[in-house]
Amino acid sequence: MSRRSARAIVAMLACVVSGALLSTSQAMHAQERVPESIVERLVATTCDKRVVLLGELPSHGEAHAFDVKARLVDRLIAQCGFTAVLFEAPMYDFVGLARAIEARTATPEQLDEAIGRFWWTRELGTWRRSLFDAATARRVTLGGLDDQVSITSRYARATLPGLVASASPEPRAAECREVVDRHLRWTYDAAHPFDEAEKQRLQQCSRNAADTATSRGAFDASDRAMLESFARYAARQRSDGTTGRDASMFRALEWHLTRLPANSRVVVWTATVHAAKQRGTWPEPPLGALAVERWGDRVAAIGFTAAAGASAMAGRPARPLAAAPPESLEATATRDTPWALLDAPALRRLGSVPSRLLGAVGSDTWADSFDAVVVIGQEVAPTFDPWK
């Protein structure tokens, strides 16, 4: 046998072995996925709703939950007529993405930057690309609800300082541009600390700009929405930093729905604490509760939680999830199964039980807050794509 023939045989065997390993890996992954029957039951629970809120633990870093949510979003779009997906992510870069789609210059990287690091995972890579393709084909509208600006919000940092300046009176335009730019790039120093006076300047500049844009006809609807959103964010910097965020996201949700065709149906990708339909011990009504006030029983909230396993947030190292208490919703639901879906009747039968649905373990009658809860016995941390 010649060396060339030997090398060819070795290469062929390597391909066979590699393919076998890949097939085994894919088969194991398929076995480890939450069963399709759970996704089908979730579709049945949510298919006829107008607004479906899909939660996840506050750590925003659980691969199985991400997988179920992505599969459910796909089914709601394909089978139930949903035409919009809105993320608990800054609205600004989604405006930039929409404008790029209109100009036919959009790239998948713009969607990644708009969605942000929480969901910038390899497990969601193919799904994000399919969302991008659907958006550029005008089959799905994508948007953000949050008034905050994230580390990946390139469009916001490039656009908001000039936008605020253009809506500010001439004597203050340059100052307001600097104030906003300094905040978005976080270039504070001893000469310009982020103290109460600076917070006040940020609030005044953004609020005045939003009010001016509303009164003038020179700003389009998206510019007005961005300015109003940023003004709400700036105002919150002078409080505890959290109060009012759910109300702000709800106003963004209303804005998106007013711009969509009548009776459009939307999926909201968020955290379970925001999806909840009851206030509970939260300091303000969550997004889900505000949505129920507005649209009643046309809103569905799906909670996600885990009994144990691991989690990782935005590219940080994986951390173990503390095992849920023996009497908790999580431990009870997964005692005899690695996965569980508790629908409203099942949640009602449990009564008031401890759960980490909202982060810290606390007791509640969870049927009051969720139409269904997905419980994962052993969560796994996602694999994050490297910073681009």
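Since this is a predicted model, take the numbers as computed values, not measurements.

**Q** Tell me about the overall build of the protein chain, and please be specific about residues and values.
**A** From N to C terminus, the protein chain includes 15 helices and 10 strands. Taken over the C-alpha trace, the protein chain has a radius of gyration of 23 Å; the compact-globule value for 388 residues is 21 Å, and the two agree within 12%. With respect to the principal axes defined by its C-alpha atoms, the protein chain has extents near 80 × 70 × 45 Å. Looking at the protein chain as a whole, 51% of its 388 residues qualify as buried. Within the protein chain, contacts between residues at least 6 apart in sequence are counted, and of these 75% link residues at least 24 apart. Summed over all atoms, the accessible surface of the protein chain reaches about 17700 Å², with 54% contributed by carbon and sulfur.

**Q** Give a detailed account of the pattern of salt bridges, specifying residues and quantitative values.
**A** On inspection of all chains with the given rule, the structure shows 29 salt bridges. Measuring nitrogen to oxygen at the nearest pair gives 3.9 Å for the salt bridge that ties Glu228 to Arg232. Linking Glu228 with Arg232, this pair stays in helix 10 (residues 221-236), spanning four residues, or about one helical turn. Here Glu228 and Arg232 have matching classes, each one buried.

**Q** Go over helix 13 (residues 287-295) with me, naming the residues and quoting the values.
**A** Turning to helix 13, its buried residues number three or more, namely Leu287, Gly288, Ala289, Leu290, Ala291 and Trp295. For helix 13, the elements touching its buried residues are strand 1 (51-54), strand 3 (141-146), helix 11 (245-259), strand 4 (266-269), helix 12 (272-275) and strand 5 (299-311). Immediately beyond the C-terminal end of helix 13, within one or two residues, lies Gly296, with a positive phi of roughly 60°.

**Q** Report on the state of the cysteines, specifying residues and quantitative values.
**A** Under the criterion given, the structure shown has two disulfides. There is a disulfide in this structure between Cys47 and Cys80, and the S-S distance comes to 2.0 Å. Torsion about the S-S bond of the Cys47 and Cys80 cystine: about -115°, corresponding to left-handed handedness. Here the residue Cys47 occupies a position in the loop between helix 2 (36-46) and strand 1, and Cys80 occupies one in helix 3 (residues 63-80), the gap between them amounting to 33 residues. In the protein chain, the bonded cysteines, numbered by position in the sequence, are linked as 1-2, 3-4.

**Q** Lay out the packing of aromatic side chains with the relevant residues and their values.
**A** The tally for this structure, following the rule as stated, stands at 15 aromatic pairs. Between Trp119 and Trp269, the aromatic rings sit 6.3 Å apart at their centres with planes inclined by 80°, giving edge-to-face as the arrangement. In this pair, Trp119 sits in the loop between helix 5 (108-115) and helix 6 (125-136) while Trp269 sits in strand 4, placing the two residues 150 residues apart along the sequence. When sorted by exposure, Trp119 lands in the same class as Trp269, which is buried. Relative to Tyr188, the ring of Trp186 has its centre 4.7 Å away and its plane inclined at 85°; by these criteria the two rings are edge-to-face.

**Q** Describe in detail the nonpolar core, supporting the description with residues and values.
**A** By size, the foremost hydrophobic cluster in this structure holds 49 residues, and its most contacted members are Leu42, Phe87, Phe94, Leu142 and Trp269. For this core, the leading source of residues is helix 3, giving eight residues. Setting aside its immediate chain neighbours within four residues, Leu42 contacts Val68, Leu72, Ile302, Leu341, Ala372 and Val374. One finds Ala84, Ala333, Ala340 and Phe370 within the second-largest nonpolar core, a separate group that totals 34 residues.

The rules behind these values
Residues numbered from 1 in each chain as written. Predicted model: local features only at pLDDT ≥ 70, side-chain atom pairs only at ≥ 80, totals over all residues. Heavy atoms only, no water. Helix = DSSP H or I, 4+ residues; strand = E, 2+ residues; numbered from the N terminus. Rg over C-alpha atoms; globule rule 2.2 N^0.38 Å. Buried < 20%, exposed > 50% of the residue type's maximum accessible area, 1.4 Å probe, protein only. Contact = heavy atoms within 4.5 Å. Areas by Shrake-Rupley, 256 points an atom, 1.4 Å probe, with all protein chains shown as cover. Salt bridge = Lys/Arg side-chain N within 4 Å of Asp/Glu carboxyl O. Disulfide = S-S within 2.5 Å. Phe/Tyr/Trp six-rings, centres within 6.5 Å; stacked < 30°, edge-to-face > 60°. Core = buried A, V, L, I, M, F, W, Y, C linked by side-chain atoms within 4.5 Å.

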